[in-house]
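Residues per chain, in single letters:
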Amino acid sequence: MAPGWEQVMDEPAQHITVSTAPSSAAILTITVSGDLERDTVTTFRHYLACVLDGHPTGDLDLNLSGVEFCDLTGLRTLHALDGHHQIRITAASPAVDVLLQLCDIPTLLGYTPPPSPHQR
């Protein structure tokens with residue numbers, strides 16, 4: 001892979017954009033923005049399968065700070081990513097944080113939501 005390359009999947013009709021760029025020799029950063037829900041997870045999974053085929057070893061960092069909406073289908077998709085790669089969520093939007101807290105999931109793929117203002 002050439003240094004600085006970036007691959008982007010933009011599906012405006014489905015309201016999801018996913019980009020992939022290397023952050024180091026063995027780590028890919030996947031950035032998701034838009035909606036991660038029932039209507040977009042098939043596209044998201046297909047994109048990830050293509051990325052994983054091209055990156056058979058190494059770690060994946062998921063930046064979900066641009067996710068505006070995530071439903072349980074999106075959450076299940078994230079949960080199912082645990083496999084051959086070390087995958088971790090490095091950033092999450094308030095929508096993802098809220099969903100994780102509502103589902104009482106203390107951590108998912110290495111991500112722990114920040115404490116709420118009431119817990120500080």
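Note that this is a predicted model, so its numbers are computed, not measured. Counting from 1, residues in each chain are numbered in the order their sequence is written. Two thresholds apply to this predicted model, a pLDDT of at least 70 for residue-level local features and 80 or more for giving and counting side-chain atom pairs, whereas whole-chain, interface and lining totals are computed over all residues. Note that water and hydrogens are dropped before the side-chain values are worked out from all heavy atoms of the structure.

1. Describing the environment of Thr20
- Each helix is a run of H or I in the DSSP string that is no shorter than four residues. Each strand is a run of E no shorter than two, and both are numbered from the N terminus. Looking at where Thr20 falls in the secondary structure, it is placed in strand β2 (residues 16-22).
- The buried label applies to any residue whose accessible area, calculated with a 1.4 Å probe on protein chains only, is under 20% of its type's maximum; exposed applies above 50%, and partly exposed to all values in between. When its relative accessible area of 1% is taken as the criterion, Thr20 is described as buried.
- Distance from Thr20 to Val51, taken between C-alpha atoms, is 8.0 Å for residues 31 residues apart in sequence.
- Here Tyr47 takes part through its side chain, which lies 2.6 Å from a polar atom of the side chain of Thr20. Identification of polar contacts relies on pairs of N or O atoms within 3.5 Å, with a donor-acceptor requirement for protein atoms, meaning one able to donate a hydrogen and the other able to accept it, and with residues adjacent in sequence counted only if both atoms are side-chain atoms.

2. Observations regarding the confidence of the model for the protein chain
- When pLDDT is averaged along the protein chain, the result is 81; 87% of the residues meet or exceed 70.
- Put simply, strand β1 (residues 7-11) is where the protein chain has its lowest mean pLDDT, 71, and strand β4 (residues 59-70) is where it has its highest, 92. Each residue carries a pLDDT score, the predictor's confidence in it, ranging from 0 to 100.

3. Observations concerning the packing of helix α1 (residues 41-54) against helix α2 (residues 72-79)
- Across the interface, α1 lies against α2 with an axial gap of 10 Å and an inter-helix angle of 20°. The angle between α1 and α2 falls in the class roughly parallel. By crossing handedness, the relation of α1 to α2 is classed as right-handed. Here Val41, Phe44 and Arg45 of α1 lie close against α2, whose contacting residues are Thr73, Gly74, Thr77 and Leu78.
- Residue type decides the class: Asp, Glu, Lys and Arg count as charged, Ala, Val, Leu, Ile, Met, Phe, Trp, Tyr, Cys and Pro as nonpolar, and the leftover types, Gly among them, as polar. Looking at side-chain class alone, the contact of α1 with α2 contains 3 nonpolar, 3 polar and 1 charged residues. Axis geometry follows a simple rule: fit a line to the C-alpha atoms, using only the stretch in contact for helices, then measure angles between N-to-C directions, giving values from 0 to 180 degrees. Any angle between 65 and 115 degrees counts as roughly perpendicular, while under 35 counts as roughly parallel, over 145 as roughly antiparallel, and the rest as oblique. Handedness of a crossing follows from how the near helix is turned relative to the far one, being left-handed for an anticlockwise turn of less than a right angle and right-handed for a clockwise one. Whether two residues touch is decided by their heavy atoms; if any such pair falls within 4.5 Å, the residues are in contact.

4. Digging into the state of the cysteines
- In this description, a disulfide is simply a cysteine sulfur pair whose atoms lie within 2.5 Å. Applying the stated criterion across every chain yields a total of 0 disulfides.
- Counting only cysteine sulfurs, Cys70 is the nearest neighbor of Cys103, a cysteine outside any disulfide, at a range of 8.9 Å.
- Look at Cys103 and you get partly exposed, because its relative accessible area is 30%.

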